[in-house]
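Reading the structure
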Amino acid sequence: MPQKVQITIDGKSTDLETLVASEGTNVIDVGKLLNEGMYTYDPGFMSTASCDSRITYIDGANGILMYRGYPIEQLAEQSNHLEVAYLLFNGELPSKQQYEDFVAAIIDNQAVDKKFQQIFNGFTTGAHPMSMVGAAVAGLASLYHEGTDIANADDRALTAVRLIAQIPTIAAMAYRHGKGKSFIEPDPGLSYAANFLNMCFGDERNISDTLADAMDRIFILHADHEQNASTSTVRMAGSTECNPFAAISAGVSALWGPSHGGANEAVLNMLTEIGDESRVEEYVAKAKDKDDPFKLMGFGHRVYKNFDPRATVMEESCGRVLDELGIDDEPLLGIAKQLEKIAREDEYFIERKLYPNIDFYSGITLKAMGIPTEMFTVIFTLGRMPGWISHWHEMMSAPYRIARPRQLYLGEHQRDYIDINKR
Ligand code: ACO
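Just so it is clear, the model here is predicted, and its values are computed rather than measured. (Residues numbered from 1 in each chain as written. Predicted model: local features only at pLDDT ≥ 70, side-chain atom pairs only at ≥ 80, totals over all residues. Heavy atoms only, no water.)

1. Describing a negative patch on the surface
A grouping of Asp 209, Asp 213, Asp 323 and Glu 324 is seen on the molecular surface, where their side chains present a negatively charged patch. Elements that contribute at least two residues to the negative patch include exactly α7 (209-222) and α12 (309-325). Assignment of secondary structure puts Asp 323 in helix α12. (Patch = residues over 30% accessible without salt bridge, like charges linked within 9 Å, V, L, I, M, F, W, Y side chains within 5 Å. Areas by Shrake-Rupley, 256 points an atom, 1.4 Å probe, with all protein chains shown as cover. Salt bridge = Lys/Arg side-chain N within 4 Å of Asp/Glu carboxyl O. Lys, Arg positive; Asp, Glu negative; His and termini not counted. Charge placed at Lys NZ, Arg CZ, Asp CG, Glu CD. Helix = DSSP H or I, 4+ residues; strand = E, 2+ residues; numbered from the N terminus.)

2. Focus: the packing of helix α11 (residues 280-288) against helix α13 (residues 331-345)
In contact at an axis separation of 10 Å, α11 and α13 are set at 50° when each is read in the N-to-C sense. If you check the angle between α11 and α13, you find them oblique. Every pair of crossing elements has a handedness; the one defined by α11 and α13 is right-handed. Seen from α11, the contacting residues are Val 280, Glu 281 and Val 284; seen from α13, they are Ile 335, Gln 338, Leu 339 and Ile 342. (Axes fitted to C-alpha atoms, helices over the stretch in contact; angles between N-to-C directions. Parallel < 35°, antiparallel > 145°, perpendicular 65-115°, else oblique. Left-handed = near helix turned anticlockwise from the far one by under 90°. Contact = heavy atoms within 4.5 Å.)

3. So, empty space enclosed by the protein
Think of a ball as big as a water molecule: rolled over the atoms, this probe shows where empty space is left. The full count for this structure, using the stated rule, is one cavity of 30 Å³ or more. Along its surface, the largest cavity is lined by Gly 300, His 301, Tyr 304, Asn 306, Phe 307, Asp 308, Lys 353, Tyr 355, Pro 356 and Asn 357. Of the residues belonging to the lining of the largest cavity, the class tally is four nonpolar, four polar and two charged. (1 Å grid on protein atoms, 1.4 Å probe; cavity = no way out; pocket = protein on both sides within 12 Å on 5 of 7 lines; lining within 4 Å. Points joined across faces, edges and corners; volume = space filled by probe spheres on them. Nonpolar A, V, L, I, M, F, W, Y, C, P; charged D, E, K, R; others polar.)

4. Overview of the site of the ligand
The full set close to the ligand counts 23 residues, and Leu 296, Gly 298, Phe 299, Arg 302 and Asn 357 are the nearest of them. Its free accessible area being 930 Å², the ligand has 76% of it covered by the protein chains. Considered class by class, the residues forming the shell around the ligand number 10 nonpolar, six polar and seven charged. (Near = heavy atom within 4 Å.)

5. A closer look at the environment of Ser 142
On the secondary structure map, Ser 142 appears in the loop between α4 (129-139) and α5 (153-178). Each C-alpha atom of the pair Ser 142 and Phe 245 lies 9.2 Å from the other, and the pair is 103 residues apart in sequence.

6. Considering the packing of aromatic side chains
Aromatic ring pairs: the centre-centre distance and the angle between the two ring planes describe each pair. Enumeration over the complete set of coordinates arrives at 11 aromatic pairs. Each ring, one from Tyr 348 and one from Phe 349, has its centre 5.0 Å from the other, and the planes form 70°; the classification is edge-to-face. Neither Tyr 348 nor Phe 349 differs from the other in exposure class; each is buried. Linked through ring pairs, Phe 299, Tyr 348, Phe 349, Phe 360 and Tyr 361 together constitute an aromatic cluster. In this structure, Arg 162 is placed above the aromatic ring of Tyr 144, and the distance from its NZ or CZ to the ring centre is 3.9 Å. Positioned above the aromatic ring of Phe 201, the side-chain terminus of Arg 205 is 4.3 Å from the ring centre. (Phe/Tyr/Trp six-rings, centres within 6.5 Å; stacked < 30°, edge-to-face > 60°. Buried < 20%, exposed > 50% of the residue type's maximum accessible area, 1.4 Å probe, protein only. Lys NZ or Arg CZ within 6 Å of the ring centre and 35° of its normal.)

7. A word on the environment of Gly 180
By the element assignment, Gly 180 lies in the loop between α5 and α6 (192-201). For Gly 180, a relative accessible area of 57% corresponds to the exposed category. A C-alpha to C-alpha distance of 9.1 Å links Gly 180 and Thr 124, two positions 56 residues apart in sequence.

8. Some words on the sheet that holds strand β5 (residues 56-59)
Read across the sheet, three strands follow the order β5-β6-β7 without closing on themselves; strand pairing throughout is antiparallel. What marks the edges here is a single partner per strand, and that holds for β5 and β7 (70-71). Relative to strand β6 (residues 64-67), β5 runs antiparallel, the two being bridged by four bridges. For Thr 56, the partnering residue across the bridge sits in β6 and is Tyr 67. (Pairing = 2+ DSSP bridges.)

9. Section: the domain arrangement of the protein chain
Splitting the protein chain by domain gives domain 1 (4-49), domain 2 (73-220 + 229-257 + 375-383) and domain 3 (263-368). Look at where the C-alpha atoms of domain 1 and domain 3 centre, and you get two points 38 Å apart. (Domains from an automatic or database assignment.)

10. A few points about the nonpolar core
Core analysis: the largest hydrophobic core is formed by 110 residues, its most contacted members being Phe 196, Met 215, Leu 339 and Ile 371. In terms of residue count, the dominant contributor to this core is α5 (12 residues). When we break this core down by domain, the ones giving at least three residues each are domain 2 (73-220 + 229-257 + 375-383) and domain 3 (263-368). Not counting chain neighbours up to four residues away, the residues in contact with Phe 196 comprise Pro 168, Ala 171, Ala 172, Met 215, Phe 219, Met 375, Ile 379 and Leu 382. (Core = buried A, V, L, I, M, F, W, Y, C linked by side-chain atoms within 4.5 Å.)

11. Quick notes on a nonpolar patch on the surface
Among the surface-exposed residues, Tyr 41, Leu 408 and Leu 410 lie close enough to one another that they form a single nonpolar patch of about 410 Å² accessible area. Looking at the secondary structure, you find Tyr 41 in the loop between β4 (27-28) and β5.

Here it is as structure tokens:
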């Protein structure tokens, strides 16, 4: 049932409509307030829904995450990333035939245009792979001149296939260029995750099923997370009707920051900086000190205030990878365990509901898998691609407006220009 909301401004009351969510928190439609000469103010979108969506549901208090209604735990255990990508984009699990057709389309589109590969030569060896991935994703706009009508659902599905198919190839190329190594072509006989790992490391190590399965699970866990910063960026850029590859590239940029997808890399950098279990308490004290900007990377989340269900699956996955790879003496893992134990028992973290998030465990798992630290956020990018493209598709499928927030202006009143010689 819609709830009744009334707002009174200077004695004049206005009824505001409420919209009922299928799960979770209802929203007040404040659009009418403009007529009353008022905006709403909510920096950081703490209590503002920017859109309606049918893709992903999160219940932060109870640690629930569902893609199209399916719990993340079931998808991580029983599905695979391409099936999840199909589900996110289309709204339903594929039939066997639909799944096979989708996988075939992905395989068909994996190779990146030979001439386009020159884009990487513009970057110095040692450049961060996220800078190359962002540029290359935006650059894909230059390749496709057909099948790019953003108002056409079939064209949007083709764009989704192109992006989901080519992001592993681009990510692997960024890695190999950064290391000064030649590219490895996609192998259509390998699974999505195994092919990505092979294109990155195929010349230096055996890509076991354990590694490929763990990587696929990481992709699934990162595939979508409703209106997070990078997805909202994709929607915002896309609302201008820009080229979809450009909109997705905006999402790549937003993901890079350490408060978002860059956190998994930041976790490893932090563990390396701590360096020894004996210094963990010192760093916990730094994180609690209001005069010190240091934060414990991999702890806290805007939405999850109890536990991050992805972290629970990732923690379990991490244990499985460590067992299967026979790793029990990695010093950084010891530091991570010590940090987690102290933070979980400390009043500061308990009061603020700061728990290890997915990035804490994905950072540790990727490290155990021997993945170079600078690739962690790139792997997040790869996982999140179906989410970004599904949200863009959902937005374009219904009437929408350009995203254009208002502001509370606190600057100068009008004043007259002063000649430079008189200032
Ligand atoms: N270490 C120490 N203190 C923290 C941390 C942390 N990691 N995170 C939040 N706090 C403190 C804040 O200082 C604040 O304290 P106060 O109430 O005394 O002022 C309180 O906890 C609430 O924090 P907010 O900043 O209001 O939380 P917000 O929802 O804005 O930020 C965020 C969430 C960005 C994730 C934050 O917790 C953080 O920076 N964590 C570390 C980075 C990280 O792991 N990011 C990954 C996010 S998950 C993802 O993108 C997949």
